[in-house]
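A look at the structure
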Amino acid sequence: MSAADRRAHWRDLVERRLPGAARPGWPVRLDHCFARILLDHACGGAWRDHVRPPAHATMPLAQLELAIALGEAVLAGRADLALLNRRSLAWRGKIALAPVPAALRDGDLTLRRWRSEDAAPFAALNADPAVMAHFPRTRTATESEAEAGLLDRRFVADGFGPWALERAGRFVGFAGAMRILRPLPFPGGDRPGSTVELAWRLARDSWGLGLATRAARLARADLAGRCGIRDVVAFTAAGNGRSRAVMERLGMRMAGTFPHPAVPEGPLRDHVLYRLDCADREEAA
């Protein structure tokens, strides 16, 4: 399907199909409200801060595809429109969530919100071929800055997110949790927003010290205790032995494999899925 066809598909989705399917219990019924919610999620924040209107014409097609996929999930009853609406309104300052702690600490480790001074070390981390060996490619400084913004805005939408990780006062990466909003082909992943992922990424000189495991445990404890979310998943390219070892040290259990739709065909596309549910957590404690 051509780019023009996909953009026409988007307009039909938000202008006709979603309003026509509106049912009791949905928080919105009008086309511009559906567009707001889906575009905000494609941008990870209020869409007008990132895309020049009209969005259907100016948004990069890959980004618009995320909005389309989420809208189709809403239509199919696989995504909670009320949750998506709350996240959109939180980004826009229309509602406020409970306060987020300034930091979480474990000895010399600190998990905290992102700062502007994290930009340079995060860009260096994302430009390191060893760190990004299990991603399709390294990232530019501009891409890293955008990613840091996306990660931090998750705290605004959900009250939790991937924390910037400091060791002895130095930024060394991130660790934390985030809702999966891109439909993924595994049980729960096909219901955007319903499944929470644990994730981490550390600078190479911080490998081998147990920091990822400690940071993930600290973030997971906050997620369960403060946010009441105890069931989580984690996934990585099948060949990423380091991350798989962290998942196993956290008490997570392998739950299958899946082809990641955002990864091009090749050796990195096959991913392994790990889960930690309430029973697993109690057993691992």
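Turning to the overall build of the chain, a few remarks are in order. Check the secondary structure of the chain and you find ten helices and eight strands. For the chain, the C-alpha radius of gyration of 19 Å lies close to 19 Å, the compact-globule estimate for 285 residues. Structurally, the chain occupies a C-alpha span of about 55 × 35 × 35 Å along its principal axes. Burial status across the chain gives 47% buried among its 285 residues. For the chain, restricting intrachain contacts to residue pairs at least 6 apart in sequence, the fraction spanning at least 24 positions comes to 64%. Here the chain displays about 13,300 Å² of accessible surface, and carbon together with sulfur accounts for 52% of that area. Considering the chain, the positive charge centre built from 42 side chains and the negative charge centre built from 32 side chains are found 2 Å apart.

Per-chain confidence: the chain averages 96 in pLDDT, with 97% of residues scoring 70 or above. Here residues 280-285 scores under 50 on pLDDT; set against residues more than four positions off or in separate chains, the count is twelve contacts.

A few words on the packing of aromatic side chains. Tallied over the entire structure, the rule returns ten aromatic pairs. With a centroid separation of 5.8 Å and 70 degrees between ring planes, the pair formed by Trp 26 and Phe 34 is classed as edge-to-face. One exposure class covers both Trp 26 and Phe 34, and it is buried. Between the aromatic rings of Phe 235 and Phe 258, the centroid separation amounts to 5.5 Å while the plane-to-plane angle is 80 degrees, which identifies the pairing as edge-to-face. Residue Phe 235 is located in strand E6 (residues 232-237), and its partner Phe 258 is located in strand E7 (residues 253-259); the two are separated by 23 residues in the primary sequence. For the pair formed by Phe 235 and Phe 258, the shared burial category is buried.

Once that is clear, we can look at helix H4 (residues 61-75). For H4, spanning 15 residues, the distance from its first C-alpha to its last is 21 Å, which sits close to the expected 21 Å at 1.5 Å a residue. Among the residues of H4, Leu 64, Ala 67, Ile 68, Leu 70, Gly 71, Ala 73, Val 74 and Leu 75 are the ones counted as buried. Contacts from the buried residues of H4 go to helix H1 (3-21), helix H2 (31-43), helix H3 (55-58) and helix H5 (81-91).

Here the focus is the pattern of salt bridges. Here the structure, examined in full by the defined rule, presents 21 salt bridges. With its nearest N and O atoms 2.7 Å apart, the salt bridge here joins Asp 12 to Arg 16. You can see Asp 12 and its partner Arg 16 sitting in helix H1, four residues apart, about one turn around the helix. Looking at Asp 12, the relative accessible area reads 28%, which means it is partly exposed. In this structure, Asp 152 engages Arg 113 in a salt bridge whose closest nitrogen and oxygen atoms are separated by 2.7 Å. Linking Asp 152 in helix H7 (residues 141-158) with Arg 113 in the loop between strand E2 (109-112) and helix H6 (119-126), this pair joins segments that are 39 residues apart in sequence.

Criteria and cut-off values
- Residues numbered from 1 in each chain as written.
- Predicted model: local features only at pLDDT ≥ 70, side-chain atom pairs only at ≥ 80, totals over all residues.
- Heavy atoms only, no water.
- Helix = DSSP H or I, 4+ residues; strand = E, 2+ residues; numbered from the N terminus.
- Rg over C-alpha atoms; globule rule 2.2 N^0.38 Å.
- Buried < 20%, exposed > 50% of the residue type's maximum accessible area, 1.4 Å probe, protein only.
- Contact = heavy atoms within 4.5 Å.
- Areas by Shrake-Rupley, 256 points an atom, 1.4 Å probe, with all protein chains shown as cover.
- Lys, Arg positive; Asp, Glu negative; His and termini not counted.
- Charge placed at Lys NZ, Arg CZ, Asp CG, Glu CD.
- pLDDT = per-residue confidence, 0-100.
- Phe/Tyr/Trp six-rings, centres within 6.5 Å; stacked < 30°, edge-to-face > 60°.
- Expected span 1.5 Å × (residues − 1).
- Salt bridge = Lys/Arg side-chain N within 4 Å of Asp/Glu carboxyl O.

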